[in-house]
Structures are given as structure tokens and as C-alpha cells.
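Understanding the architecture of this molecule
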Amino acid sequence: MAGSTPSRKRRFRRQQGSAEAYGSGTGPETGHDAGDVPSATPPAVTEGTEGPRAAAGARLRAAVRDGVRKGGEGALTGARTVISYLADRVVEIAPRVRVRDLETLRAQFPGLDPDQLADKLIAGACNATSTVGASIGAAAMLPVPPAMPTELAAEITGVAAIELKLVAELHEVYGRRPPGGLRERSMAYLGAWTEERGIDVTKPTTINAALGGQMKRELRQQIMKRMVRNLPNLMPFMIGAAVGAAMNRRDTRKLAEKVRGDLRANAVPWALLKQLPPLEEPAHPLPLPGHNTHALEPGPGE
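Worth saying up front: this structure is predicted, and the values here are computed from it rather than measured.

**A look at the confidence of the model for the protein**
For the protein, the mean per-residue pLDDT works out to 73, and 57% of the residues sit at or above 70. When mean pLDDT is compared element by element in the protein, helix α3 (residues 102-108) scores highest at 95, while helix α1 (residues 7-24) scores lowest at 50. A low-confidence stretch, residues 292-302 (pLDDT under 50), is modelled with 14 contacts involving residues beyond four sequence positions or located in other chains.

**Describing the nonpolar core**
Nonpolar side chains tend to gather and get buried jointly when the protein is soluble and globular. Counting 53 residues, the largest nonpolar core has V90, L190, W193, L219 and I223 as its most contacted members. Listing elements by their share of this core, those giving two or more residues are α2 (47-93), α3, α4 (114-139), α5 (148-173), α6 (182-195), α8 (213-230) and α9 (239-265). It is α5 that contributes the most residues to this core, 13 residues altogether. Setting aside residues up to four positions removed in sequence, L190 forms contacts with V90, V91, L164, M215 and L219.

**Points about α6**
With 14 residues, α6 extends 20 Å between its outermost C-alpha atoms, agreeing within 8% with the 20 Å of an ideal straight helix rising 1.5 Å per residue. Burial analysis of α6 places ten of its 14 residues in the buried class, which makes it a mostly covered element. Those residues of α6 lying buried are R185, S186, M187, A188, Y189, L190, G191, A192, W193 and T194. Immediately downstream of α6, the backbone of E196 shows phi near 55°, a positive value.

**Quick look at the pattern of salt bridges**
For side chains bearing opposite charge, pairing can occur when the charged atoms are close. Per the stated rule, a full pass over the model turns up eleven salt bridges. A salt bridge links E169 to R100, with the nearest nitrogen and oxygen atoms 3.0 Å apart. Here the residue E169 occupies a position in helix α5, and R100 occupies one in the loop between α2 and α3, the gap between them amounting to 69 residues. Considered together, E169 and R100 belong to a single accessibility category, that of buried residues. Between R264 and D115 there is a salt bridge; the shortest N-O distance is 3.4 Å. With R264 in helix α9 and D115 in helix α4, this pair connects stretches of sequence that are 149 residues apart. Taking the relative accessible area as the measure of exposure, R264 reaches 43% and is therefore partly exposed. On the basis of relative accessibility, which here comes to 32%, the residue D115 falls in the partly exposed class.

Calculation notes
- Residues numbered from 1 in each chain as written.
- Predicted model: local features only at pLDDT ≥ 70, side-chain atom pairs only at ≥ 80, totals over all residues.
- Heavy atoms only, no water.
- pLDDT = per-residue confidence, 0-100.
- Helix = DSSP H or I, 4+ residues; strand = E, 2+ residues; numbered from the N terminus.
- Contact = heavy atoms within 4.5 Å.
- Core = buried A, V, L, I, M, F, W, Y, C linked by side-chain atoms within 4.5 Å.
- Buried < 20%, exposed > 50% of the residue type's maximum accessible area, 1.4 Å probe, protein only.
- Expected span 1.5 Å × (residues − 1).
- Salt bridge = Lys/Arg side-chain N within 4 Å of Asp/Glu carboxyl O.

Pasting the structure below:
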């Protein structure tokens with residue numbers, strides 16, 4: 001029909017009017033349609049309901065923080081206690097390690113020069129500590145958490161005894177026996193093991209330091225490093241046995257080469273050595289783990 005508005009335009013105008021009416025309803029006072037529009041503002045929470053919730057949340061967060069702090073302090077205290085115990089144990093066993101003097105070593109390994117004899121001793125000690133690592137790893141095949149500290153302690157003290165024997169006999173091979181009796185020499189060897197270096201017998205301060213509190217602090221640090229390095233030995237399914245054997249062999253050789261390097265620089269030729277008295281036998285010799293008393297002696301064909 002002429003003059004009439006097309007239906008498409010009428011529909012557009014009706015939609016526009018509805019939108020304007022919707023936009024004008026901004027609150028309860030804007031019209032009867034405003035009540036049908038949901039408000040975008042969330043309902044206010046009164047102080048009476050929010051206060052207890054906030055207080056409970058704060059108490060929970062504080063409890064968690066205190067638990068974490070106390071748990072961390074307890075673990076740290078426990079680790080320090082274990083390290084101190086192991087340090088005291090290593091100090092206790094040091095004088096009980098049986099050490100062969102130069103004459104005994106030369107009789108057991110005839111025809112070898114100092115370096116060749118040192119090689120034999122290092123190889124035997126590496127085999128022994130490797131056996132200890134493998135045995136601890138095998139014991140941890142199905143690890144029981146309460147037994148893990150005991151297994152680590154057994155490995156550390158066992159390896160320490162073998163390496164202390166090696167350090168002492170390397171000093172004999174290169175003619176660098178420290179002065180003093182059994183106790184003094186044992187503490188000097190323990191200081192050399194702790195610092196991973198040979199003893200300079202011409203400087204009494206190094207021996208005196210080995211007998212003091214500084215050595216104990218360094219010993220605790222050395223044991224802590226050993227504990228961290230030995231943790232992979234507790235992996236299950238015999239993986240720890242292979243890891244423990246390889247790591248102990250590597251660490252023992254590394255220690256031996258450091259000590260031998262220091263001793264070789266100041267070695268005394270056997271021809272110039274004064275006749276030294278035989279070494280004292282410990283009152284209660286320590287049976288070394290990983291080998292028997294003849295494990296470092298030459299076998300058939302050697």
C-alpha cells in the first residue's frame with residue numbers, strides 16, 4: 001500500500017524502542033520494568049558473616065605456616081643429630097683401624113716401587129668401598145623408610161674406615177708417618193681424610209689442627225656431603241647397588257689421588273728413611289667391611 005511503512009522497518013523500530021526502555025531501567029525507581037532486570041552488583045555481605053570466615057581463614061593459614069616451620073626445624077634438628085652422631089662414631093673408630101707399616105707392605109708386595117705399591121693399595125681400597133656401596137644398595141632393593149638412615153650410617157662409617165686405612169698406609173709408603181702415638185696418628189689421618197689432603201709432618205700446626213675443634217666441624221661437613229652423595233644408593237630394584245658401587249669407587253679414587261699428590265711432592269725415598277718402629281696394634285681392631293684382613297694383600301699371581 002502506498003505511504004505505508006514496510007514491515008521490515010516497523011520491526012526494527014519496535015526492537016529499538018524495547019532496547020531504550022531496557023536501558024532506562026537502572027534501579028528500583030526507574031520504572032516497573034526495572035525489577036525484571038537482574039542486578040550486576042553482588043549482594044553485600046554483612047560484617048557479621050564475613051568476620052568469622054576471615055578469622056577462620058587467617059587461623060588456618062597461620063597453622064599451616066607454623067606446621068611447615070616446625071616440620072622444617074624438626075627435620076633440620078634430626079639431620080644435625082645424625083651428622084653429629086656419625087662424626088663421633090668416625091672419631092671413635094679411627095684408632096681401631098689396623099694400619100700396616102712400610103716393612104709389612106713391602107713384604108706383602110715385593111719388588112714394587114712406591115708408586116706401584118700405592119696403586120695396589122688404591123685399587124684394593126676402591127674394590128672394598130665399591131663392595132660396601134653395592135651391599136648397601138642391595139639391602140635397599142625394597143627400601144623401608146625407617147631403615148634408610150641406618151643404611152646410610154653403615155655405609156658412611158664403613159667407607160670411612162676403609163679410606164682411613166688407605167690414607168694411613170699411603171703415608172707409610174711415601175715415608176710421611178706423622179709423629180706421636182696411636183691416638184695422635186689416628187687423629188692426624190682423620191684430619192687428612194676430612195680435608196682430603198696429605199699431612200705435612202714438617203708443619204706441626206696441621207697436626208694440631210687435626211686434633212682440635214676445627215677438625216670436628218670439617219668432619220661434620222664432610223659427613224654431610226657424603227650423606228647427600230650417598231642418597232642415590234637407596235634407589236630400589238638393585239639400581240642403588242650399581243650406583244653405590246660406582247660412586248664409592250669414584251670417590252675413593254678421587255680422595256686417594258689428592259692425598260697421594262700431596263705426599264708425592266714431599267716423599268722421602270726409601271733408601272733415606274730412618275728405621276721406624278713397627279706400628280702399634282689397636283687394642284680392639286676394627287673388622288673392616290667390604291673385605292677381610294687380607295683383602296689388600298696380594299692374591300695368586302700378583
